[in-house]
Amino acid sequence: MSGRLYGVGVGPGDPELVTVKAARLIGSADVIVYHSARHGRSVARSIAEPYLRGDQIEEQLVYPVTVEETDHSGGYQGAIDEFYESCAERLASHLEAGRDVVVLAAGDPFFYGSYMHMHKRLAHRFPTEVVPGVTSVSGASAELGRPLVERDETLTVLPGTLPTEVLAERIAATDSAAIMKLGRTFESVRSALDSAGRLDDAWYVERATTGRQRISPLADVDPASVPYFSVAILPSKAHLPDPSTSDTPRSRAGEVVVVGLGPAGREWTTPEVQAALASADDLVGYVTYIDRVPPNPRQRRHASDNKVEAERAAFALDLAKRGSRVVVVSSGDPGVFAMASAVLEVAGEEQFADVPVRVLPGLTAAQAVASRVGAPLGHDFCVLSLSDRLKPWEIIAERLTAAARADLVLAIYNPASRSRTWQVSRARELLLEHRSPDTPVVIGRDVGGPAESVRVVRLEDLDPSTVDMRCLLLIGSSTTQVRDGVVFTPRRYPA
């Protein structure tokens, strides 16, 4: 069985830009192949060196000629074709012996790379796979911090070896450009950019992503200092500042977005909320919920206690008033016993009249717990909080009694805490005045989290000592059924 030929791109220079797949193949190959000039140094091998095992066969393919000098009867092209044929046969001997061969390519194997000459001579004879790599163009653009193209712009990649007048014509006809193969062609490239009226827009990037990187306006570069491993970049025109705007940047309009993270991890958070979190300048919220958002050093995080909703809302609105994009985080849905109402209430003050506020929904704890057992919320239901911190117990008791009389399924939030230990017991007593002792009760705790537990018990058997602040209770109606552990409330109400 023959070996397999791999053309592996190792990126523009930084070994950390080598892909996971490329690193794996480099480390496992029997034979490592790389090209070099007669000085013997190989850029591709130096990038790949951290991933080499140390006991692999290495084949160094040394170019015998340059464009400027050759005494071969066929000229430069004849000499280079003969070289490639010889190299291909060297690799073929390894492949025929069953050895896997990785040919290293700086950047991408099929982007002005030497690997392609091995590929077209060997791919029809042996199993072959090409692993793409980060190109020097992508690396240069990233290090420059300027996009190559935006919206409907076009990007043209040009070799600096084209005649000056051809380069100028193509530069003038495109929005953005990357010009490769500089070195000895630099003066021609510079002249072409000047002729096309784009010299002042052009940037020079040398050895992108490496410790020897150099970035400069192309017009300022000394031609004698330009190596082959450099690129000229004409970045996106759309990214350039609008000359019609004032030199003084306008103050950015801030906003407050109140979001629900859902009941647990990222998979419970909607893409809409994730996008808002990603674009925020400031995150505001109860410390437990703030800690659920992965830290981003670009963002400021303002965590606080869970008993300061109004102060938290005012703080967020004040940040937005000063131009910040603020996201106020809540667990579950922000409109269900959470921060949306607090923010909107404070936003009604005159001082915040110009601050826009948006609310993005989230998956509620009631929905999460219900989904774990079936469909107990399949008919009319009522949502209540047992917390008497913001409303008196007398109101809670009246509403529990009214919901029980109305035969509604109940979703009960905040059933207990360290300081509130008696409400669950009293709520059970009130419900039993109007509900059967056999009424199913779902106790969901930390649903979606590492300590998730869901139990179904009879109302009469509900033990208050097993309920804490991380629990949510679903109390069934007279029609709620339990079948083999599945709880559901039929949509059709008995006549």
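Per an unreviewed UniProt entry, the protein is named Precorrin-2 C(20)-methyltransferase, and its organism is Allokutzneria multivorans. Recorded under Sequence similarities (unreviewed entry), the UniProt text for the protein is reproduced unchanged: "Belongs to the precorrin methyltransferase family." You can read under Pathway (unreviewed entry) in the UniProt record for the protein the words "Cofactor biosynthesis; adenosylcobalamin biosynthesis."

Caption draft 1: Just the packing of helix α10 (residues 309–321) against helix α11 (residues 339–347), in detail. Contact geometry for α10 and α11: axes closest at 9 Å, N-to-C directions at 60°. Note on packing geometry: the crossing formed by α10 with α11 is right-handed. Across from E309, A310, R312, A313, A314 and L317 in α10, the residues of α11 making contact are M339, A342, V343, V346 and A347. Residues belonging to the contact of α10 with α11 are distributed by class as follows: nine nonpolar, no polar and two charged.

Caption draft 2: Summary view of the sheet that holds strand β14 (residues 325–330). Pairing in this open sheet of five strands is parallel, and the strands run β13-β12-β14-β11-β15 from one edge to the other. Among the strands making up the open sheet, the edge pair consists of β13 (300–304) and β15 (357–360). The average angle at which neighbouring strand axes cross in this sheet is 20°, direction not considered. Here strand β12 (residues 282–286) pairs with β14 via four bridges, running parallel. Paired with G285 across the bridge in β14 is V329. Where helix α8 (residues 271–279) meets the sheet, it contacts β11 (255–260), β12, β14 and β15, and its direction lies at approximately 135° from that of β11. Relative to β12, α10 is tilted by about 175°, and along the sheet it contacts β11, β12, β13, β14 and β15.

Rules of the game
Residues numbered from 1 in each chain as written. Predicted model: local features only at pLDDT ≥ 70, side-chain atom pairs only at ≥ 80, totals over all residues. Heavy atoms only, no water. UniProt positions renumbered as here; feature names shortened; annotations may be inferred. Axes fitted to C-alpha atoms, helices over the stretch in contact; angles between N-to-C directions. Helix = DSSP H or I, 4+ residues; strand = E, 2+ residues; numbered from the N terminus. Left-handed = near helix turned anticlockwise from the far one by under 90°. Contact = heavy atoms within 4.5 Å. Nonpolar A, V, L, I, M, F, W, Y, C, P; charged D, E, K, R; others polar. Pairing = 2+ DSSP bridges.

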